[in-house]
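# Close look at the chain arrangement
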Amino acid sequence: MTFVLAFAVLFTAVFAGATSAEAAENVQVLSSKKENATAGTEVRTPFTVTSSKEIMIIVLAPTAIDVQLSIYDSTGKLANMNQNPISLTASDWKYVEKENGYGFVYSLKNFSSGDYSCGMTFSSDTTYILEIDQVSEEAKISSTKAVITKGFTKKLSVSGAQVKEWKSKNPKVAKVDQSGKVTAIAAGKVTVYAQTTDGENLICQVEVKENKFSDKVIVPSDLEYNQWGMNVYKASFDKSGNLVMTARVAYNGPGRMACMKNVRITVKDENGKTVGVYKTARKNVTVLSYSTKDVKFVIKKSALKKKKFDLRNASITEDATGHGYNH
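If you're wondering where the values come from, they're calculated on a predicted model, not measured in any experiment. (Residues numbered from 1 in each chain as written. Predicted model: local features only at pLDDT ≥ 70, side-chain atom pairs only at ≥ 80, totals over all residues. Heavy atoms only, no water.)

### Regarding the sheet that holds strand β24 (residues 291-299)
Applicable threshold: Two strands are said to pair when DSSP picks up at least two bridges between them. Only runs of H or I of at least four residues qualify as helices and only runs of E of at least two qualify as strands under DSSP, and these elements are numbered from the N terminus.
The strand order across the open sheet built from four strands is β19-β20-β21-β24, with neighbouring strands paired in antiparallel fashion. Two strands lie at the open edges of the sheet, namely β19 (213-214) and β24, each paired on one side alone. Pairing of strand β20 (residues 227-237) with strand β21 (residues 243-252) involves 10 bridges; the strand directions are antiparallel. Among the inter-strand pairings, M230 is bridged to a residue of β21, identified as V249.

Right, here's the structure in full:
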């Protein structure tokens, strides 16, 4: 009698019944061996459970005979579970034509992680094959694509497998530690991957972007006639840590605009908390009719509530209650 893993998958799919449907496609073999049993003498086979996923005990023998199946914990005592031991009669076996023998599948659900053994006591001498499988999750990485701001981090994780090693193909762009924390070093693209203990590589494509704010650029046609508007469309930190913002001022009217009054620009971080405010009662700016002009605003480092924050994911809002015209 020969045995291959394909038997377990096929047999489980056909006869498991209430067993999880995914078991036929995705199982982890905890133990697999061929044994010789003497009537009335128990044979114990050890196995280790690593998760609470469903377990399937699969047995194949030349003939269908009575058998007692027992599950023992790491101390050698019967595990605390319903129907332990369980007695199976010859009528509980199913004929497996491809294997020219008889088999059964016993399913265990909500099993705790740990070391166990499976005891088999047959009513007559027999050769049998025992395989203990556990439904395994498909190995997945938490993000297959990620955009990270330079100088900031993102935590990656893996489910359904154990990670042997985290690696970055270009640590000069982004590095990753062995907990899966990716640190963005320089603008660019890089592949970060987790190598599982099974040898599978799970990949995350990482793009690192500069820590700069950007937004739309307004034009006069965005405004109603004889109206003006202002929008900060880019911002970055200078070498001294000051926040330098560039606003586009647009005027959709005749003559020219001479100034803005009661200007207030509010900067909020990625969590919506205010980190800086620029205020001035008057800002002189000359904008000709139906045109635009760029104006710089600076919030000193000393006035920022946070000296370092993700500017790329920040928000900047502008407000001004008045303006002046020169016709």
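### Here's the deal with the sheet that holds strand β2 (residues 43-49)
Inclusion rule: Axes here mean lines fitted to C-alpha atoms, for a helix over just the part in contact, with angles spanning 0 to 180 degrees between N-to-C directions.
If you walk across this open sheet you meet the four strands as β2-β8-β4-β5, and the pairing is antiparallel. Pairing within the sheet leaves two strands with one partner each, and these edge strands are β2 and β5 (86-88). Mean inter-strand twist for the sheet, computed between neighbouring axes without regard to direction, equals 25°. Two strands pair when backbone bridges link them, and strand β4 (residues 67-72) and β5 are joined in this way by three bridges, in the antiparallel orientation. Bridge pairing links L69 to I86 in β5.

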